[in-house]
Amino acid sequence: MAAQVKMICTSVFRNEDQDALQKAFRRKWMELLHQYDNRKNQERLR
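Residues numbered from 1 in each chain as written. Predicted model: local features only at pLDDT ≥ 70, side-chain atom pairs only at ≥ 80, totals over all residues. Heavy atoms only, no water.

S.K.: How would you sum up the overall build of the protein? Please name residues and give values.
M.R.: The helix and strand inventory of the protein stands at one helix and zero strands. Looking at the 46 residues of the protein, the share that counts as buried comes to 4%. Per element, the accessible surface of the protein, about 5100 Å² overall, is 54% carbon and sulfur. (Helix = DSSP H or I, 4+ residues; strand = E, 2+ residues; numbered from the N terminus. Buried < 20%, exposed > 50% of the residue type's maximum accessible area, 1.4 Å probe, protein only. Areas by Shrake-Rupley, 256 points an atom, 1.4 Å probe, with all protein chains shown as cover.)

S.K.: If you had to explain a nonpolar patch on the surface to someone new, which residues and values would you point to?
M.R.: Taken together, the side chains of Phe-25, Trp-29, Met-30, Leu-32 and Leu-33 define a hydrophobic patch exposed on the protein surface, amounting to about 510 Å² of accessible area. Position of Leu-32 among the secondary structure elements: in helix α1 (residues 18-45). (Patch = residues over 30% accessible without salt bridge, like charges linked within 9 Å, V, L, I, M, F, W, Y side chains within 5 Å. Salt bridge = Lys/Arg side-chain N within 4 Å of Asp/Glu carboxyl O.)

This is the structure in structure tokens:
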């Protein structure tokens, strides 16, 4: 049964390449900001 476990969470921050790490960090940060803005805009429309 343990062989059927599927990983859904992955860490983009486990990377020794600093450029790739910075890009991944910025991308995730921007995704969070977009989610926040979308929720804020939806609340305004209510």
